[in-house]
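Spelled out from the first residue to the last, the chains are:
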Amino acid sequence: MFYFLEEEISVKRFFATTVLIVFAFFCYLTSAIAETPQRVIIDTDPGIDDAMAILLALNSPELKVEALTVVPGNVDGRQGLENALKLVSLAGRCDLPVAGGAQHPLNQKLITAQYWHGKNGLAGVELPAPKCKADTRFGPDLIIDLVHKYPHEVTLIPVGPLTNIALAVSKDPSIASLVKDVVIMGGSITGGNVDGAAEANIYGDPEAAAIVFNAGWMVTMVGSDVGERTLITRKNLADLQSLHGPESDFIAKLADFYLTRSEKSGYQGAAMYDPLAVATVIDPTLVSLKDMHVDVETKGEFTRGETVANRMGSDENNVLHGDHYEIDGVIALKPNARVCLASDADRFLQLFVNRIKGK
Ligand SMILES: [Ca+2]
């Protein structure tokens, strides 16, 4: 009787110890996962808000930036590469591969945006000549290589026209199932910032955008409509200027130029387009997303470059009956995008300013 009781106690002890060990291992695993930075590649056309996005990423422990790839957009490819190299030089990150890519959109002429970004794309602020050297690989090939090197771990963050991403996924469609996520700054579901319909990154290369949205992966779309409700203000600028350092002084100059340009156009602040896309990867709770099917208009007289989002998840099915069509139910559409509907602008701006100040 006594013997059985002892055995029962030791079984209970063994069971309790096992549960404790499993629980401790689970806690370790959970914290290890939470602490492992996410690998990202930023495809960029720098660009004032690109510079803000890149320095936000480089100052965020949640991210491990694996490469910058440069696409023509706000400035041409040569200027963009020089700007990207100056930015990583400023951040002391010559270890980071920075590669040039396409030199023009797939099917139209390049449209640059010095009007918004200053003559050199960086508000006319002259950074020292870059210490860092360009990687000799072609940007889209570097993207393909890194996605294969770290399968299911790399998040692409394209914050310019989608030319490089389209070239990469066209050359190697297998990357569509090997990336972790594709978080683009681009598009809009409530009107454009170029014209009534189109957002600038999509308008800059609509054919590339159509390839990217139809590549078989889910695109997280952080559009200009949400960026324009996520504004950096003079108050945020004063906060940035309260602590001096090479990066915060540089970003403060950019923000001042960008705010002045935006105020002249009647805005209350400057739209944080590209940094919001990066912040969405740092902390997804900063935005709300909804799955939708998004098509890119490549032909419309007034709507070329529009991202046409289907909120219902279906199209009507019209069937020919004699001399007319009749609606015969609906055809379900598979979502291809997680569309950003809103952001927590205050919390995002606080994160942005703190990270640039090095907090
Ligand atoms: Ca950009």
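Residues numbered from 1 in each chain as written. Predicted model: local features only at pLDDT ≥ 70, side-chain atom pairs only at ≥ 80, totals over all residues. Heavy atoms only, no water.

Novice: Can you walk me through helix 11 (residues 246-264) in this structure?
Specialist: Since one α-helical turn is 3.6 residues long, residues separated by three or four positions face the same way. Spanning 19 residues, helix 11 covers 28 Å between terminal C-alpha atoms, matching the ideal 27 Å at 1.5 Å per step. E247, S248, F250, I251, A252, L254, A255, Y258, L259, R261 and S262 are the residues of helix 11 that are buried. One or two positions beyond helix 11, positive phi appears at G266, with a value near 95°. (Helix = DSSP H or I, 4+ residues; strand = E, 2+ residues; numbered from the N terminus. Expected span 1.5 Å × (residues − 1). Buried < 20%, exposed > 50% of the residue type's maximum accessible area, 1.4 Å probe, protein only.)

Novice: Even after reading the chapter, I still don't get the nonpolar core, so can you show me in this structure?
Specialist: Soluble globular proteins tend to pack their nonpolar side chains together in the buried interior. With 61 residues, the main nonpolar core has F250 and F352 as its most contacted residues. The element best represented in this core is helix 2 (residues 48-58), accounting for nine residues. Counting 38 residues, the second largest nonpolar core, distinct from the first, contains L142, L162, A168 and V294. (Core = buried A, V, L, I, M, F, W, Y, C linked by side-chain atoms within 4.5 Å.)

Novice: Looking at this structure, I do not really get the pairing of strand 1 (residues 38-44). What am I missing?
Specialist: A regular strand places its side chains so that they alternate between the two faces of the sheet. Judged by how many residues are buried, strand 1 sits mostly within the fold: six of seven residues are covered. With seven bridges joining them, strand 1 and strand 2 (residues 63-70) adopt parallel strand pairing. Residue Q38 lies in a different strand from strand 2, and its bridge partner there is L63. The parallel pair strand 1 and strand 2, bridged by helix 2, forms a crossover whose chirality is right-handed. Sheet analysis places strand 1 next to strand 4 (residues 154-158), joined by five bridges and oriented parallel. For I41, the partnering residue across the bridge sits in strand 4 and is L156. (Pairing = 2+ DSSP bridges. Right-handed = clockwise from strand over helix to strand, strands pointing away.)

Novice: What should I look at first to understand the environment of A99 in this one?
Specialist: The topology assignment puts A99 in strand 3 (residues 98-100). In the structure, A99 is positioned 203 residues away from F302 in sequence and 35 Å away in space, judged by C-alpha atoms. Those residues within four positions of A99 in sequence are excluded, and the remaining contacts are L68, T69, V70, L81, D135, R137, G139 and L142. (Contact = heavy atoms within 4.5 Å.)

Novice: Hey, could you run me through the packing of helix 2 against helix 12 (residues 273-282) in this one?
Specialist: Two quantities define a packed helix pair, namely the angle between the helix axes and the distance between the axes. Contact geometry of helix 2 with helix 12 gives a least axis separation of 6 Å together with a crossing angle of 25°. Between helix 2 and helix 12, the angle falls in the class roughly parallel. Once helix 2 is placed against helix 12, the crossing between them reads as right-handed. Across from D49, D50, M52, A53, L56 and A57 in helix 2, the residues of helix 12 making contact are Y273, D274, P275, V278, A279 and I282. Classifying every residue of the contact of helix 2 with helix 12 by side-chain character gives nine nonpolar, no polar and three charged. (Axes fitted to C-alpha atoms, helices over the stretch in contact; angles between N-to-C directions. Parallel < 35°, antiparallel > 145°, perpendicular 65-115°, else oblique. Left-handed = near helix turned anticlockwise from the far one by under 90°. Nonpolar A, V, L, I, M, F, W, Y, C, P; charged D, E, K, R; others polar.)

Novice: It is not clear to me how the side chain of D45 should be interpreted in this structure. Could you clarify?
Specialist: Following the sequence through the fold, D45 ends up in the loop between strand 1 and helix 2. Buried D45, no salt bridge; nearest opposite-charge side chain is R78, N-O distance 15 Å. Within the structure, D45 has its side chain in polar contact with the backbone nitrogen of N74 (distance 2.8 Å). Leave out the neighbours within four places in its chain, and D45 touches D50, V71, P72, G73, N74, V159, G160, P161 and N201. (Lys, Arg positive; Asp, Glu negative; His and termini not counted. Salt bridge = Lys/Arg side-chain N within 4 Å of Asp/Glu carboxyl O. Polar contact = N/O pair within 3.5 Å; in protein donor to acceptor, adjacent residues only side chain to side chain.)

Novice: Would you mind going over unusual backbone geometry with me for this structure?
Specialist: Most peptide bonds take the trans configuration, and most residues that are not glycine carry a negative phi. Cis geometry is found at the peptide bond from P46 to G47, where omega equals -15°. Position of G47 among the secondary structure elements: in the loop between strand 1 and helix 2. Phi is positive for A123, which is not a glycine, with a value near 60°. We classify A123 as buried; its relative accessible area is 13%. Its identity as a non-glycine residue notwithstanding, H152 has a phi of 65°, on the positive side. Mapped onto the elements, H152 comes out in the loop between helix 5 (139-149) and strand 4.

Novice: Got a minute to help me understand the coordination of the calcium ion in this structure?
Specialist: Geometry reference: four tetrahedral donors at a metal, ideal angle 109.5 degrees. Six octahedral donors, ideal angles 90 or 180 degrees. Only D45 (OD), D50 (OD), D50 (OD), V159 (O) and D274 (OD) from the protein reach the calcium ion as donors, at distances of 2.2 to 2.5 Å. Taken in sequence order, the residues that donate to the calcium ion follow the motif D-x4-D-x108-V-x114-D. In this structure D50 comes out as buried when scored by relative accessible area, which is 0%. (Donors = N, O, S within 2.8 Å, 3.2 Å for Na, K, Ca; no water.)

Novice: In this structure, what is going on with the state of the cysteines? I would like to understand it.
Specialist: Cysteine pairs can be covalently joined through their sulfur atoms, and such a bond is termed a disulfide. Tallying each qualifying case throughout the model produces one disulfide. With a sulfur-sulfur separation of 2.0 Å, C94 is cross-linked through a disulfide to C132. Here the S-S torsion is close to -85°, and the disulfide linking C94 with C132 is therefore left-handed. Of this pair, C94 sits in the loop between helix 3 (77-90) and strand 3 while C132 sits in the loop between helix 4 (114-117) and helix 5, and the two are 38 residues apart along the sequence. (Disulfide = S-S within 2.5 Å.)

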